[in-house]
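# Coordinates in review
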Amino acid sequence: MVFNQTVYDKLQELRYILLLIAYILVLWAPVIFQSLSLSDEFSDVSLIILIFAIFNFIRKTKTASKILTFITFSLIFGKSATVGTENDNASILSWFTLLIYFIFFLRILLLDVWNSKKVNMNTILGAIAGYIQIGVIAFILFKVCDILFDGQAFSQPVEVSDLIYFSFVTLTTVGFGDISPVADEVKAFTVIFAMVGQFYMAILMALLVGKYQQEHGK
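Residues numbered from 1 in each chain as written. Predicted model: local features only at pLDDT ≥ 70, side-chain atom pairs only at ≥ 80, totals over all residues. Heavy atoms only, no water.

## Structural notes on the packing of aromatic side chains
- Under the definition given, this model contains 13 aromatic pairs.
- With 5.1 Å between their ring centres and 65° between their planes, F142 and F166 make a pair best called edge-to-face. Of this pair, F142 sits in helix α7 (residues 121-148) while F166 sits in helix α8 (residues 160-171), and the two are 24 residues apart along the sequence. Accessibility classification places F142 together with F166 in one group, the buried group.
- Ring geometry for Y165 versus F176: centroids 6.5 Å apart, planes at 5°, classification stacked. (Phe/Tyr/Trp six-rings, centres within 6.5 Å; stacked < 30°, edge-to-face > 60°. Helix = DSSP H or I, 4+ residues; strand = E, 2+ residues; numbered from the N terminus. Buried < 20%, exposed > 50% of the residue type's maximum accessible area, 1.4 Å probe, protein only.)

Right, dumping it as structure tokens:
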């Protein structure tokens, strides 16, 4: 019993870095290994790891959060709308449900980071995970738009890996221009996420790093 409690406490302590690792696995590992025959299986395993990381993160939150997490990912598995897989037949309802959930979870994550009494490396990693999650939200929203506009939302046909790439290029305001929005609504979302990405780094990350330096510089 004591051993189990120690493990639980350690997992809770590492919740930020576990979440960050899970995001990296879900978003980029399947893209890197997409040429392998086990790419789809790896994507499913990555999603399971993400579910574990999220449940570990919200373990001490309200029961409603846990129920919403369970319902959301049940829908995702049921409709095969897994992040990181090339599945254009994914239900619009599943993608939209995933969008709403990640917006909800972003609020939980950022409040947890902001309300931390002491800023340590895990807290900064949690803030980085929040930044990546904004990119995930952008990716899902662009995927929903692409479905709604029958594949005509962008200057060229796009797959999931293209949308992940475009979302983070937009968030970081790199803007290579190889993929560009065509629909007016998608253009508006692109501008919004470009601004959010800059404000996030300039305000939240700067405040956390500054507070970290103050605490550890004493």
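## Observations concerning the packing of helix α2 (residues 15-27) against helix α6 (residues 92-114)
- Axis separation between α2 and α6 bottoms out at 12 Å; the angle between their running directions is 145°. The interaxial crossing formed by α2 with α6 has left-handed handedness. For the pair α2 and α6, the contacting residues are R15, Y16, L19 and Y23 in the first and F102, F105, L109, D112 and V113 in the second.
- Along the lines of polarity and charge, the residues of the contact of α2 with α6 split into seven nonpolar, no polar and two charged. (Axes fitted to C-alpha atoms, helices over the stretch in contact; angles between N-to-C directions. Left-handed = near helix turned anticlockwise from the far one by under 90°. Contact = heavy atoms within 4.5 Å. Nonpolar A, V, L, I, M, F, W, Y, C, P; charged D, E, K, R; others polar.)

## Observations concerning the environment of L25
- Structurally, L25 is set in helix α2.
- Classification of L25 by relative accessible area gives partly exposed; the value is 25%.
- Each C-alpha atom of the pair L25 and S46 lies 5.8 Å from the other, and the pair is 21 residues apart in sequence.

## Some points on the pattern of salt bridges
- Counted according to the given criterion, the structure contains one salt bridge.
- Between R15 and D112 there is a salt bridge; the shortest N-O distance is 3.1 Å. Of this pair, R15 sits in helix α2 while D112 sits in helix α6, placing them 97 residues apart in sequence.
- By relative accessible area, D112 is classed as partly exposed at 26%. (Salt bridge = Lys/Arg side-chain N within 4 Å of Asp/Glu carboxyl O.)

## Side note on the nonpolar core
- With 58 residues, the main nonpolar core has L19, Y23, L50, F102, F105, I140 and F154 as its most contacted residues.
- If you list the elements that add at least two residues to this core, you get α2, α4 (39-57), α6, α7, α8 and α9 (184-216).
- For this core, the leading source of residues is α7, giving 16 residues.
- With residues near it in sequence (within four places) discarded, L19 still touches L50, A53, I54, F57, F105, L109 and A129. (Core = buried A, V, L, I, M, F, W, Y, C linked by side-chain atoms within 4.5 Å.)

## Considering the packing of α7 against α8
- Where α7 contacts α8, the axes come no closer than 8 Å and their chain directions differ by 130°. With respect to each other, α7 and α8 are oriented oblique. Taken as a pair, α7 and α8 cross one another with a handedness that is right-handed. For the pair α7 and α8, the contacting residues are Y131, I132, I134, G135, V136, A138, F139, F142 and K143 in the first and V160, L163, I164, F166, S167, F168 and L171 in the second. (Parallel < 35°, antiparallel > 145°, perpendicular 65-115°, else oblique.)

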